[in-house]
Amino acid sequence: MCQVGEDYREPVPKDPPPPPRPGHEQQKCMKWCVKCKKGAPVLVIRAGDAFCRDCFKAYYVHKFRAVLGKNRLIFPGEKGDFSPQVLLAWSGGPSSSSMLWQVLEGLSRESAKQLRFVPGVVYVDEGAACGWNPEDRAETLAEVQSILHSTGLPWHGVALEEVFGLPQSVLRHFSQEPALGDGAYKEAVDSFIQQQQGLGTEGNRDSPSLSPGVEQLSWASPHNPQSPARPHTAAKTEALSRLFNSVRTLTAKEELLQTLRTHLILHVARTHGYSKVMTGDSCTRLAIKLLTNLALGRGAFLAWDTGFADERHGDVVVVRPMREHMLKEVAFYNHLFAIPTVLTPAIDTKAPEKASIHRLMEAFVLQLQAQFPSTVSTVYRTSEKLVKTPRAGQAASPSCPCCLLCLCMLDVDSADSATAFGAQSTTALSLRQAPALQAQAKEPTVPCCSPGLCEDQGCCRGARPSEREDLQACVIEQLCYSCRVNMKDLPSLDPLPPYILTEAQLRSHRAQAMQEIQEFLIEDSEDEVETGQS
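Residues numbered from 1 in each chain as written. Predicted model: local features only at pLDDT ≥ 70, side-chain atom pairs only at ≥ 80, totals over all residues. Heavy atoms only, no water.

Engineer: Any details on helix α12 (residues 357–371)? Residues and values, ideally.
Structural biologist: Between its first and last C-alpha atoms α12 spans 21 Å; for 15 residues at 1.5 Å apiece the expected length is 21 Å, and the two agree. Burial in α12 covers these residues: His-358, Arg-359, Met-361, Glu-362, Ala-363, Val-365 and Gln-369. Contacts from the buried residues of α12 go to α8 (250–271), α9 (283–295) and α13 (375–384). (Helix = DSSP H or I, 4+ residues; strand = E, 2+ residues; numbered from the N terminus. Expected span 1.5 Å × (residues − 1). Buried < 20%, exposed > 50% of the residue type's maximum accessible area, 1.4 Å probe, protein only. Contact = heavy atoms within 4.5 Å.)

Shown next as structure tokens:
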């Protein structure tokens, strides 16, 4: 039994303990590969896990294949032909480059289990947003083209300035095809193999449906004289620079850059018929992203932002096959097997540690990982337990209201004025009805800040101040909590791309029309709803 006054502490030894001597087994593990027990180790992933070159490659490839095989979201020959199915979002960084070469090795006939899909590659040039000069952009694009030509995959190069020419349909949710079972997956694999054999493609080098060097360019760069959008290139570049220069904080700039990049990749995928988009988010990057999104108020969307599959867009699913790989493993693999990468300065390059929430969380996780090696894996395993559950009374459907920027379901309840979300909505409505705005209605109109960019979609900037305030309140009402907070660092919404402002007005007018005819609509009874669902 324990006694109240009993002292359980052991006496402190006077002399320091002798250093531990490694035993025979520990010496053996460090001398030989922990996997094959034969080869000489070339790297140590974790304490006691020393791998030789061949075993590390098998370990690395197995993790990539296991993630794809476990989820089975990518069906071979989904469209019944050899049209592209998976779009690889390649930024030139270590993780996305490693992902690209994993796919290339999986498509080769020397692979033990060949990948059964047809990929394409997309590269987004973010030089205008990051402040690169024209010479650096031209040099980077030449290096990118050289690497993408060597892959033999069809690729698409787009510049971030192209967001000023996107259609409004990018912000809309399209229905997704129903998921098929394991039996359908096996049937699809057999059918895909038979189609390959029927077309007589035994002589091709890597993939049966790939023609080396297929290029589809849409560079919005003055250094590309063949660009179809050359007349508007200078205006778009200037408009993009004006947009990012007007944002006050680096946190809001990084979120805005990620949002516009996602919209552009989604548009490329839909335009060219891709049903899946692969990104190179590693385990370390997802752990940092999870904590960052929590700090940004995106806790309701963590399952979509960090999970393997992101189905928020409906017809295009974003998958993350590199989510099991640590950044340390990616760096070792790229170094040992000479994976080509394109290292370019990002928007937060040389920024101090506390310049943004993203930089702060990255430094916090990496410093903690250096002292406690299980930090990243612990955070990552926590994200795996998150479940995608819509809000009460809402379902993931095209009619469900979604955020205008991140395209997630709205987590702001304007009817509940007792919450902070309701208070924000009330504030936005009060701005619209303020008497001071009515006094400004007689002021002259403001000219368009981006002439030549709003001709097709209608100019939203050449309006009176009162109308601009109405547009700002209209946009804010259609954003989730996190995007509302980020938009506070944007003094004016005028520099935003036209498709965002036009879609906000369209949704607002549609909601007003629905409210006007709501009393004349006949709602289905519960019996009819159950009959339709059955």
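There's plenty left to go through after this.
Engineer: Lay out unusual backbone geometry in plain terms, naming residues and giving numbers.
Structural biologist: In this structure, Ala-338 is a non-glycine residue whose phi angle is positive, near 55 degrees. Within the fold, Ala-338 resides in the loop between α11 (327–336) and α12. Note on Ala-338: relative accessible area 62%, which makes it exposed. Of note in this structure, Leu-407 is not a glycine but carries a positive phi near 65 degrees.

Engineer: Explain the pairing of strand β3 (residues 86–89) to me, using residue names and the numbers behind them.
Structural biologist: Of the two faces of β3, the one lined by Val-86 and Leu-88 and the one lined by Leu-87 and Ala-89 are each fully buried. Pairing of β3 with strand β4 (residues 119–125) involves 4 bridges; the strand directions are parallel. Bridging from a neighbouring strand, Leu-88 pairs with Val-121 of β4. Since β3 and β4 lie parallel, the crossover through helix α3 (residues 94–107) that links them has a hand, and here it is right-handed. (Pairing = 2+ DSSP bridges. Right-handed = clockwise from strand over helix to strand, strands pointing away.)

Engineer: So what's going on with a nonpolar patch on the surface? Which residues, and what values?
Structural biologist: A surface patch of nonpolar side chains, about 400 Å² in accessible area, is lined by Met-514, Ile-517, Phe-520 and Leu-521. Mapping Leu-521 onto the fold places it in the loop between α18 (498–517) and α19 (526–533). (Patch = residues over 30% accessible without salt bridge, like charges linked within 9 Å, V, L, I, M, F, W, Y side chains within 5 Å. Areas by Shrake-Rupley, 256 points an atom, 1.4 Å probe, with all protein chains shown as cover. Salt bridge = Lys/Arg side-chain N within 4 Å of Asp/Glu carboxyl O.)

Engineer: Pulling in residues and values, what's your account of the pairing of β4?
Structural biologist: The buried fraction of β4 amounts to 7 of the 7 residues, a majority that puts the element mostly inside the structure. Of the two faces of β4, the one carrying Pro-119, Val-121, Tyr-123 and Asp-125 and the one carrying Gly-120, Val-122 and Val-124 are both buried. The sheet contact formed by β4 and strand β5 (residues 155–159) spans 5 bridges and is parallel. Bridging from a neighbouring strand, Val-121 pairs with Trp-155 of β5.

Engineer: Now, about the nonpolar core: what can you tell me, with residues and values included?
Structural biologist: One finds Leu-160, Phe-244, Leu-260 and Leu-479 to be the most contacted residues of the largest nonpolar core, which totals 59 residues. Put simply, the parts of the chain that give this core at least two residues each are β3, β4, α4 (127–130), α7 (233–246), α8, α16 (465–477), α17 (481–487) and α18. Considering each element in turn, this core owes the most residues, 10 residues, to α8. Among residues more than four places away in sequence, those in contact with Leu-260 are Leu-160, Val-163, Leu-240, Leu-243, Phe-244, Pro-497 and Tyr-499. Listed in part, the 42 residues of the second largest apolar core include Cys-55, Phe-56, Ile-74 and Phe-308. (Core = buried A, V, L, I, M, F, W, Y, C linked by side-chain atoms within 4.5 Å.)

Engineer: Any chance you could break down the confidence of the model for the protein chain for me, citing the residues and the numbers?
Structural biologist: Averaged over all residues, the pLDDT of the protein chain equals 77, while 67% of them reach at least 70. A low-confidence stretch, residues 219–232 (pLDDT under 50), is modelled with 25 contacts involving residues beyond four sequence positions or located in other chains. Segment residues 416–420 is flagged for pLDDT under 50; beyond a separation of four residues in sequence, or across chains, it makes 4 contacts in the model. (pLDDT = per-residue confidence, 0-100.)

Engineer: I'd like a rundown of α18, residues and numbers included.
Structural biologist: With 20 residues, α18 should cover 28 Å at 1.5 Å per step; its first-to-last C-alpha distance of 29 Å lies within 8% of that length. Residues of α18 that are buried: Pro-498, Tyr-499, Ile-500, Leu-501, Thr-502, Glu-503, Ala-504, Arg-507 and Ser-508.

Engineer: Residue-level account of the packing of aromatic side chains, with values.
Structural biologist: Scanning all chains against the criterion turns up 6 aromatic pairs. Seen from their ring centres, Phe-51 and Tyr-59 are 5.2 Å apart, and the 25 degrees between their planes marks the pair as stacked. A relative accessible area of 7% places Phe-51 in the buried class. Relative to Tyr-59, the ring of Phe-56 lies with its centre 6.5 Å away and its plane at 35 degrees, an arrangement referred to as tilted. Of this pair, Phe-56 and Tyr-59 are both found in helix α2 (residues 53–71), 3 residues apart, which corresponds to roughly one turn of the helix. Cluster of aromatic residues (ring-pair linked, three or more members): Phe-51, Phe-56, Tyr-59, Tyr-60, Tyr-333 and Phe-337. (Phe/Tyr/Trp six-rings, centres within 6.5 Å; stacked < 30°, edge-to-face > 60°.)

Engineer: For the packing of α9 against α12, give the residues involved together with the corresponding values.
Structural biologist: At a minimum axis distance of 9 Å, the contact between α9 and α12 shows a crossing angle of 130 degrees. With respect to α12, the element α9 is oriented oblique. Note that α9 runs across α12; the crossing there is right-handed. Residues Thr-284, Arg-285, Ile-288, Leu-291, Thr-292 and Ala-295 of α9 lie in contact with α12, whose contacting residues are Ile-357, His-358, Met-361, Glu-362, Phe-364, Val-365 and Leu-366. Taken together, the residues of the contact of α9 with α12 sort by class into 8 nonpolar, 3 polar and 2 charged. (Axes fitted to C-alpha atoms, helices over the stretch in contact; angles between N-to-C directions. Parallel < 35°, antiparallel > 145°, perpendicular 65-115°, else oblique. Left-handed = near helix turned anticlockwise from the far one by under 90°. Nonpolar A, V, L, I, M, F, W, Y, C, P; charged D, E, K, R; others polar.)

Engineer: Please give an account of the packing of α8 against α12 that cites residues and values.
Structural biologist: At their nearest, the axes of α8 and α12 sit 7 Å apart, and the two run at 95 degrees to each other. When the axes of α8 and α12 are compared, the pair comes out roughly perpendicular. Between α8, through Thr-251, Glu-254 and Glu-255, and α12, the contact on the second element is made entirely by Ile-357, His-358 and Arg-359. Each residue belonging to the contact of α8 with α12 can be placed in one class, and the counts come to 1 nonpolar, 2 polar and 3 charged.

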